[in-house]
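Observations on the model geometry
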Amino acid sequence: MGVNIENGAEVVNATVGLMSANMRASIPMATADNIAEVGKPILQWTDVANAFYSTLINLIGMTYVEYRQWKNPLSMFKRGDSILGSDVREIAINLAVEKDYDLSGSRLLTNEAPDLKVAYYRLNRQKDFEVTNIEAELQLAFSSWDNFGTLVSRIVDNLYRSNEVAEYEWTKATINTAINDSKIPVTNIALPVDSATANAFAKTVKTLSDKFTFFSTSYNAYNLMNTTDANPFKTFTPKEQQVLLITPEALSSLDVDSLATAFNMSKVEFMGRTVVLDDFGTGADGETPLTAFAMLCDSAFIKIWDKTRYFNTFVNPANMSAKHFFHVWQTYGYSPFANAVLFKPQA
């Protein structure tokens, strides 16, 4: 949208510009000196207030990413929108099994169904964020552009930033669930604390990163979930789709240039595929911190789909307040078909 939410008059004009023609006609063009005049119809008429605040919330949502966002470092795992239904189905096609040459052609008319592996993900986050501006705050907001900016900031902080933090926590919890489900292959290696342990870790990461590029049954969760399947699932992960999740403690002892070389990337490219997590959560008891300090995975390992992002405002004429709602519905899960390896200290 290109709207600077630090500029109150610009925000108001952009908001009014998105409202209906009848609503626009009741609100004068905002300038540096006429905020009281602009606020008068918004404060006096419930219909105008409802339209203005609902549009303002949506406008902030469209411009938030450019100006005030705390960026969720795990947002790279988002897969897009899930529109229909509450379930998402992921289908993976296993490699075909080779057969001996059939000189007689006896298999010509036999059916050879592909080996399909299927995983389902269910809508599991239906949350909303709410913030109310009481009458005194609304009146104060239209007393100066600084005060209007305070109102906008409160909406941003309470709705958008709160959700961004929640999405990070939900994503981290999904990773934690995969760990506690024991569905991620584990490599035991010393936590990098000096040059020797850092070099050993870098060497191990490089080895696994190279192995990921070959078809294998060793690093995906499907084969841990389906140990009796006669056809284990084989998959691979090219270098450019590999992601390293790592704690600050582990990263601080590493030579990033060396790790970048291991991934055949420049330092800048490598840091774009490295995500620093504060930690990997707790054990199954919900209390004991996990000792895991890194995870190498396919960028498709964590699955996040957005289903609903709904903004609205209710103006209560009884107490002259405005309550803003931000609903977020999403699906979180981890894929059994993508490679991942967890690094834990040696026991």
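Here, every reference points to the structure presented above.
Thresholds, definitions, all that
Residues numbered from 1 in each chain as written. Predicted model: local features only at pLDDT ≥ 70, side-chain atom pairs only at ≥ 80, totals over all residues. Heavy atoms only, no water. Pairing = 2+ DSSP bridges. Helix = DSSP H or I, 4+ residues; strand = E, 2+ residues; numbered from the N terminus. Axes fitted to C-alpha atoms, helices over the stretch in contact; angles between N-to-C directions. Contact = heavy atoms within 4.5 Å. Buried < 20%, exposed > 50% of the residue type's maximum accessible area, 1.4 Å probe, protein only. Salt bridge = Lys/Arg side-chain N within 4 Å of Asp/Glu carboxyl O. Phe/Tyr/Trp six-rings, centres within 6.5 Å; stacked < 30°, edge-to-face > 60°. Core = buried A, V, L, I, M, F, W, Y, C linked by side-chain atoms within 4.5 Å.

Examining the sheet that holds strand β11 (residues 340–344)
Taken together, the five strands give an open sheet; going across it, the order is β5-β11-β8-β6-β7, and neighbouring strands pair in mixed fashion. Taken across any chain shown, the strands that pair with only one partner, and hence form the sheet edges, are β5 (186–188) and β7 (274–276). Put simply, the sheet's adjacent strands are angled 20° from each other on average, direction ignored. Where strand β8 (residues 294–298) meets β11, four bridges bridge the pair, whose relative direction is antiparallel. Considered in β11, the bridge of Cys 297 is made with Ala 340. Packed onto the sheet, helix α7 (residues 195–212) meets β5, β6 (242–246), β8 and β11 and runs at close to 165° relative to β11.

Overview of helix α1 (residues 8–17)
Within α1, seven of the 10 residues are buried, leaving the element largely enclosed by the surrounding structure. Restricting attention to buried positions, one finds in α1 the residues Gly 8, Ala 9, Val 11, Val 12, Ala 14, Thr 15 and Val 16.

Comments concerning the sheet that holds strand β10 (residues 321–334)
As summarised here, the arrangement of the four strands in space is β1-β9-β10-β4, forming an open sheet in which the pairing is mixed. Since the sheet does not close on itself, it has two edges, and those belong to β1 (78–81) and β4 (125–133), each with one partner. Sheet twist, expressed as the mean angle between neighbouring strand axes with direction ignored, is 25°. Across three bridges, β1 lies against strand β9 (residues 302–316) in parallel orientation.

Overview of the pattern of salt bridges
For the structure shown, the criterion picks out 13 salt bridges. Its salt-bridge partner being Glu 167, residue Lys 78 comes within 3.0 Å of it at the nearest N-O pair. Highlighted residues: Lys 78 in strand β1 and Glu 167 in helix α6 (residues 145–180), separated in sequence by 89 residues. Since its relative accessible area comes to 28%, Lys 78 is described here as partly exposed. Linking Asp 87 and Arg 122 is a salt bridge whose minimum nitrogen-to-oxygen distance equals 2.6 Å. Of the two residues, Asp 87 sits in strand β2 (residues 87–93) while Arg 122 sits in strand β3 (residues 116–122), which places them 35 residues apart along the sequence.

Let's talk about the packing of aromatic side chains
Evaluated as defined, the whole model comprises 14 aromatic pairs. Ring centres 6.3 Å apart and planes at 65° place the aromatic pair Tyr 222 and Phe 233 in the edge-to-face group. Of this pair, Tyr 222 sits in helix α8 (residues 222–225) while Phe 233 is found in the loop between α8 and β6, placing the two residues 11 residues apart along the sequence. The burial state of Tyr 222 is the same as that of Phe 233; both residues are buried. Arranged with centres 5.9 Å apart and planes meeting at 40°, the rings of Phe 301 and Tyr 334 form a pair that is tilted.

Description of the nonpolar core
Membership of the largest hydrophobic core comes to 37 residues, with the highest contact counts inside it found for Val 12, Ile 42, Phe 52, Tyr 53, Phe 142, Phe 148 and Leu 159. Breaking this core down by element, the ones donating at least two residues are α1, α3 (35–44), α4 (46–67), β4, α6, β9 and β10. If you tally residues by element for this core, the top one is α6, at nine residues. If we ignore the near neighbours within four places in the chain, the residues touching Phe 148 are Gly 8, Val 11, Val 12, Ile 35, Phe 52, Ala 141 and Phe 142. Grouped together as the second largest cluster of nonpolar side chains are 25 residues, Val 205, Ala 250, Ala 294 and Phe 343 included.

All we've got here are geometric facts, nothing functional implied.
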